[in-house]
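Overview (structure and organization)
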Amino acid sequence: MIEPYRFVGNGASAYPVYIGAGLLDELNVLTKEVAGNKRRMLVSSAAIARLLGERLSPLIAEAGQPILFGDGETNKTATTVLGIIELFLDRGLKRDSIAILVGGGVVGDAAGFAAAIFLRGIDVIQVPTTLLAQVDSSIGGKVGVNVSRGKNLIGAFHQPRAVISDVTVLGTLPGAELVSGLFESLKSGVIGDVALFDLFRKATLEELREEALLLEIVRRSVDLKANIVSSDVREGGARRLLNYGHTIGHGVEAALDYAGLTHGEAVGWGMLAANAIAVRRGLLSQVDSEVIEKAVFGLSPRKPRSLDRAKIESALAHDKKFSSTKRVMVLPRRIGECEIVEDVTTGEITFGIDAMTERMAV
């Protein structure tokens, strides 16, 4: 019997997270243990099915024909969700069914949201196949889709029954997708794990691609996020720390119509914007800001040819973290410690965007 790496949550609602090498080959057995008597249904993308079909075949043989849909951020929409629900109905899924979501963040978010609202909620098992999903989106139960005005503006909290992360699949990722996840993990280092941040400082980008190091990165990132979300399930307090780099980063993604940069790269640039505001406020030393910037540049984020500040600011008007009276951002105090600031001004946000675009021009 394969033992979980750890549990997320508290008491009876806690769910296991499995992290290791070769777990995809045990997926049929593992999901059967978690699902019990529930009917299983594999949900994935067509691309993942082509890439990992042989390793998924034991599960498919028992669970039946999988539900497949298009991958990529452009498919993370309400239209996709409704299409998945129609397929749930076509396959005869009931409240005692369980969806096994194999793929990156788009699969986990879109299919997870479909499961959350289908028959008022059916169980899911998250099987993330990208580094970004393994270190971040598969943990904590947030599912949802984008709309034209912003990212993840339609969604729900729907905790999985289990998360199963196989680091061997990361070797199949395109370079940009792997680096996208590295940025999200680097963010975790800044907000609460100095040792994780130091790993990025000391290792080259080529070394960070090694399986043993990726295993450590996934485990440390999951530990940090699991500890935070276990104490704040619905993002009312400490969980907001996980948004470091995301406020302006999401604005960058929207301004670029979700093309040209990965989510992780946008977060990396958003970290530099947040740092500039923190330095201006006297929260963060210039020295620490430069150390973080060096780590960001060490992952070689791409630079957009042009970026419209007005479009970024327009997207920020719909940021979920902003209330009707407060503009909330996560700003670092030092490496390994950030704070939630609820009185960020529009002038500071403009300053942060300008500072970020200046660094893009270097």
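Residues numbered from 1 in each chain as written. Predicted model: local features only at pLDDT ≥ 70, side-chain atom pairs only at ≥ 80, totals over all residues. Heavy atoms only, no water.

Some points on the packing of helix 1 (residues 27-35) against helix 2 (residues 46-63)
Running from amino to carboxyl end, helix 1 crosses helix 2 at an angle of 45°, the nearest separation of the two axes being 8 Å. When the axes of helix 1 and helix 2 are compared, the pair comes out oblique. Taken together, the residues of helix 2 that come into contact with helix 1 (itself represented by Leu 27, Asn 28, Thr 31 and Lys 32) are Leu 56, Pro 58, Leu 59 and Glu 62. (Axes fitted to C-alpha atoms, helices over the stretch in contact; angles between N-to-C directions. Helix = DSSP H or I, 4+ residues; strand = E, 2+ residues; numbered from the N terminus. Parallel < 35°, antiparallel > 145°, perpendicular 65-115°, else oblique. Contact = heavy atoms within 4.5 Å.)

Points about the side chain of Thr 130
Along the polypeptide, Thr 130 turns up in the loop between strand 6 (123-128) and helix 5 (131-137). The class for Thr 130 is buried, based on a relative accessible area of 13%. In this structure, Thr 130 is in contact with Gly 103, Gly 104, Gly 105, Leu 170 and Leu 173, ignoring residues within four places of it in sequence. (Buried < 20%, exposed > 50% of the residue type's maximum accessible area, 1.4 Å probe, protein only.)

Quick notes on unusual backbone geometry
For Arg 120, which is not glycine, the phi torsion reads 65° and is therefore positive. You can see Arg 120 is positioned in the loop between helix 4 (105-117) and strand 6. A relative accessible area of 75% places Arg 120 in the exposed class. The phi torsion at Asn 152 lies on the positive side, around 60°, for a residue other than glycine. Considering the arrangement of structural elements, one finds Asn 152 in strand 8 (residues 150-157).

Examining the pairing of strand 9 (residues 162-166)
Across the five residues that make up strand 9, a large majority, five, are buried. Side chains Ala 162, Ile 164 and Asp 166 project from strand 9 onto one buried face, and the interleaved Val 163 and Ser 165 project onto a second face that is buried too. Here strand 2 (residues 15-20) runs beside strand 9; their pairing, made up of four bridges, is parallel. When the bridges of strand 9 are listed, Ile 19 appears paired with Ser 165. The pairing of strand 6 with strand 9 spans two bridges and is classified as parallel. When the bridges of strand 9 are listed, Ile 125 appears paired with Ala 162. (Pairing = 2+ DSSP bridges.)

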